[in-house]
Every structure is written in structure tokens, then in C-alpha cells.
Amino acid sequence: MQLAKRKFSRVAQLCSIGVFSAGMVASVYRVPFAADPTYMADSDSASGSSGHKDSLRKSATWAWPTVSIFEQHLLSFMDQRNTPAATREAVEQAWNASKELVKGPAMLDRLLAACGIIEPRIAALNLQLSDPTGDAVHPCDLTWLATDVPGWMQDTVRLACGRALAQRRFYDEALETLTGLELVQVCDPASLLFYRATCEHHLLKKKECLANVKLLLERESELPVRFTQLAQLMAADIEPLKSDSLDEIARLMNDVHRRLDLGRAGKRVRDEEDEIVKKLDKLIENIENQMQEQQQQQQQSQGQKDQSQNKPMEASQIAGGKGPGDVDQKKVGDRAGWGNLPPAQRQEALQRLTEELPSHYREVIEGYFRQLAKDNSR
């Protein structure tokens, strides 16, 4: 009762300073735990009310959840459970003590801590999930989850379990746990996108991984640094991956090693090993086919070369190759003075004649004229 009076008194105070309008008061049935102007500003900035955040929200296809919504969820849950006043006070104090944690993984941990104060089983689960050496927990093993807590709390626990499974390299189980969660409903859409992409990267789901990374980086400047850097690395690593490549086969081998290391040696591992063998056979076959094609091309090229060497030269073609330039001298008389030009003129004429020809043709022609001049000098 005292808490309710304090809430409605705070509503009246906010109306007096212009935070709530008269129309808004009619729709308000609860007030957040700490409804002071400073905290309201923090909550608004988390949902993108400032100028910079508003421009980011317009360009992104997903938004940070409003913190006050989860405050209302906590209050409603405590009312349904008839939570004692002392527990309510503990929840309120814990929530207000972490009021700066309004988005991302920090918001997820904050909400889990508050839920743990109300529900002891969630508190025990939080301890197990936060211990790196603790066993992984699949939501299907929590038989009480679907019946004893509301849907928003089930989603929060599922997100926390999926994160822990991914951190422990149980990527299949983590992806199964995170499947079905909606960005508009979870308290931390960034973690949902990041850990989905992480699982898809390791499971070689290229298209899905790149799609989730793209969504995540729509709010790159608002994400934890580790999320941004790892998401960019995952995209750069998986984007050039090609099906049936040696790179893909090596990754599949690493995945089999991971599964065996986790004690998973069932049908999934055997199927993956069979797939590796098939891909290796296909790769070897492709390499052998390429080698055969190269050999055939080389043989065909050699045959064409041999055929061209044995074929009589066409009259309009210039023969290739080199020779001494020995030919039968033709009697042309002394009227043109052929071969008897002065050295300077002969060199100039020779240069003009051969300057446009390939080097091996020039050598043949020059050798011919040198031999011709030598014979005429005798």
C-alpha cells in the first residue's frame, strides 16, 4: 500500500512539472521503480529519443526496448505472486542501483538479477550460467519454466541459456534455444543477434550469419566493442567461403573435432564425417579432371606445333626461325649498285627496313644483308 501511494504521488508530481499530460495519466496504471527525471532521461535515451539516437533508430530496422516496459512486467509479476514487502523492497533497491544499465548485455544481466530475487530457481540458474566451469543448461530441462513464470521471463531465461550454450561451444543447442525469440520482445536484441550469428558462423550457415551480422551492425556505435569487432571479423571470415572448397572441408573437420571434444559422437558426427569424405572425393576428382584437361591441351598444342613444322610454308607468310643467311647470289648487274652502298647509307636503309619487324625477323634480315655485303666485297 505504501509503495502504491508513493507511485501515485510521483505521478502527480510528474504531471505538475509537465512530464505527463492529462491524457497520459489516464493510461498509466503503474510508475517505474525510480521515476525521477534523471532516470526517465536514461530510459528515453535507450529507446532513441535524443537527436543522435533518433537518427540511428530511423536507419535501423530494430530498436532497443523501453526499460519501463520491463519495470511494469516486474511489478505485475510480484503482484501475481503476492511477493512480500521485503522482497519488493529488495527488487526495487537492486533495480535502482543499476539504473544506468539500460541496453545490451548489461540490461539482460540486470533483469536476470531482479528476477532472481523474486524467483529462487532463477537465482540458482544465474549462478550456474555465470560460472564458466558450470554445466550448460538447455531450457527444455527446466520443466518449471513454461508453467511457473510469464512469457517475457521465459524469453529472458532462454536468451541467457542460449548465450551460455554458445559460450561453451554448444552451437547447435544454442541456435535451437535462440530460434523463435523475437527482436521486438526480448530485453537484449543485440545479444540475440550476436549469439545467433556466432552459432551460424561456426556451423557454416553463411547466408544466415551474414544477415544477422548486418542487422546487428545497424547500431554499431551503440554496441559493446567486443560485439562490433567480433561481428566484423565473423563477416570477413565467412563471406569468401565457397562450397566444396578445401577451406570448407577444413572447417568441417574442426567442427567434428569440437563435437568429439564435447563428447558428442552420435549420428550427427558420423553424418558430418561422411560429408567430409564425399567432399574430399569430389575435390580430388575435380583436381584430376583439371590435370587431364591440361595434359590434353598440352598434347593438342604440341600436335599443332608439329603439324605446322611439317607443313609447307604458305607463300604469303614470313617464316620463323634463324639462319646464317646463305642464299644463291643473283646477278643483278651494277646498275642499281645493290650491296655496294656506302656503309652509312647501307646502315640507314637497313634500319628503316627492319625497324617495324619483330626482333627475330630483324636478326634474320640483318644476317642476310651482312652476308650479301661480305660476298660482294670479295
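## Considering the packing of helix H12 (residues 189-202) against helix H14 (residues 225-238)
Between H12 and H14, the least distance of the axes is 11 Å, while the angle of their chain directions is 30°. By the angle between their axes, H12 is roughly parallel relative to H14. By crossing handedness, the relation of H12 to H14 is classed as left-handed. For the pair H12 and H14, contact is made by Ala190, Ser191, Phe194, Tyr195, Ala197, Thr198, Glu200 and His201 and by Arg226, Phe227, Leu230, Ala231, Met234, Asp237 and Ile238, respectively. Within the contact of H12 with H14, the residues separate by chemical class into nine nonpolar, three polar and three charged.

## Looking at the packing of aromatic side chains
This structure, assessed with the given rule, holds four aromatic pairs. Centroid distance phenylalanine 194 to tyrosine 195: 5.0 Å. Interplanar angle 85°. Geometry classified as edge-to-face. Comparing phenylalanine 194 with tyrosine 195, the two get one shared label, buried. Summarising the aromatic geometry, the rings of tyrosine 195 and phenylalanine 227 are spaced 6.2 Å apart at their centres and angled 90° between planes, so their arrangement reads as edge-to-face. Taken together, the positions of tyrosine 195 in helix H12 and phenylalanine 227 in helix H14 put the pair 32 residues apart, joining distant regions of the chain. Here tyrosine 195 and phenylalanine 227 have matching classes, each one buried. Following the ring pairs from residue to residue traces out a cluster consisting of Phe194, Tyr195 and Phe227. When the ring centre of tryptophan 95 is taken as reference, the NZ or CZ atom of arginine 110 above it lies at 3.8 Å. Looking at arginine 219, its charged tip hangs above the ring of tryptophan 62, at a distance of 5.6 Å from the centre.

## What to know about the pattern of salt bridges
Within this structure, the stated rule accounts for 22 salt bridges. With its nearest N and O atoms 3.1 Å apart, the salt bridge here joins arginine 251 to aspartate 247. Of this pair, arginine 251 and aspartate 247 both sit in helix H15 (residues 246-261), separated by four residues, roughly a single helical turn. The partly exposed category is assigned to aspartate 247, whose relative accessible area is 36%. One salt-bridge network, in which partners are shared between bridges, spans Asp172, Asp255, Arg258, Arg259, Arg268 and Glu272.

## Let's talk about the confidence of the model for the protein chain
Across the protein chain, the average pLDDT comes to 78, with 65% of residues at or above 70. Within the model, pLDDT remains below 50 along residues 1-32, and this stretch shows 32 contacts once partners closer than five positions in the same chain are excluded. Low pLDDT (under 50) marks residues 34-51, which in the prediction has 27 contacts with non-local residues, meaning those over four places away or in another chain.

## Overview of helix H7 (residues 105-118)
Given a rise of 1.5 Å per residue, 14 residues ought to cover 20 Å, and the 20 Å separating the end C-alpha atoms of H7 matches this to within 8%. Counting buried residues along H7, ten of its 14 residues qualify, which places the element largely inside the surrounding structure. Within the span of H7, buried status applies to Pro105, Met107, Leu108, Arg110, Leu111, Leu112, Ala114, Cys115, Gly116 and Ile118.

## A word on the nonpolar core
Among soluble globular proteins, nonpolar side chains are generally buried collectively. Core analysis: the largest hydrophobic core is formed by 68 residues, its most contacted members being Leu74, Leu111, Leu142 and Trp152. In terms of residues, this core owes the most to one element, helix H10 (residues 151-167), which gives nine residues.

## Comments concerning unusual backbone geometry
For leucine 204, which is not glycine, the phi dihedral falls at a positive 60°. The phi dihedral of aspartate 244 is positive, around 65°, even though this residue is not glycine. Residue class for aspartate 244 comes out partly exposed when judged on its relative accessible area of 23%.

The rules we used
- Residues numbered from 1 in each chain as written.
- Predicted model: local features only at pLDDT ≥ 70, side-chain atom pairs only at ≥ 80, totals over all residues.
- Heavy atoms only, no water.
- Axes fitted to C-alpha atoms, helices over the stretch in contact; angles between N-to-C directions.
- Helix = DSSP H or I, 4+ residues; strand = E, 2+ residues; numbered from the N terminus.
- Parallel < 35°, antiparallel > 145°, perpendicular 65-115°, else oblique.
- Left-handed = near helix turned anticlockwise from the far one by under 90°.
- Contact = heavy atoms within 4.5 Å.
- Nonpolar A, V, L, I, M, F, W, Y, C, P; charged D, E, K, R; others polar.
- Phe/Tyr/Trp six-rings, centres within 6.5 Å; stacked < 30°, edge-to-face > 60°.
- Buried < 20%, exposed > 50% of the residue type's maximum accessible area, 1.4 Å probe, protein only.
- Lys NZ or Arg CZ within 6 Å of the ring centre and 35° of its normal.
- Salt bridge = Lys/Arg side-chain N within 4 Å of Asp/Glu carboxyl O.
- pLDDT = per-residue confidence, 0-100.
- Expected span 1.5 Å × (residues − 1).
- Core = buried A, V, L, I, M, F, W, Y, C linked by side-chain atoms within 4.5 Å.

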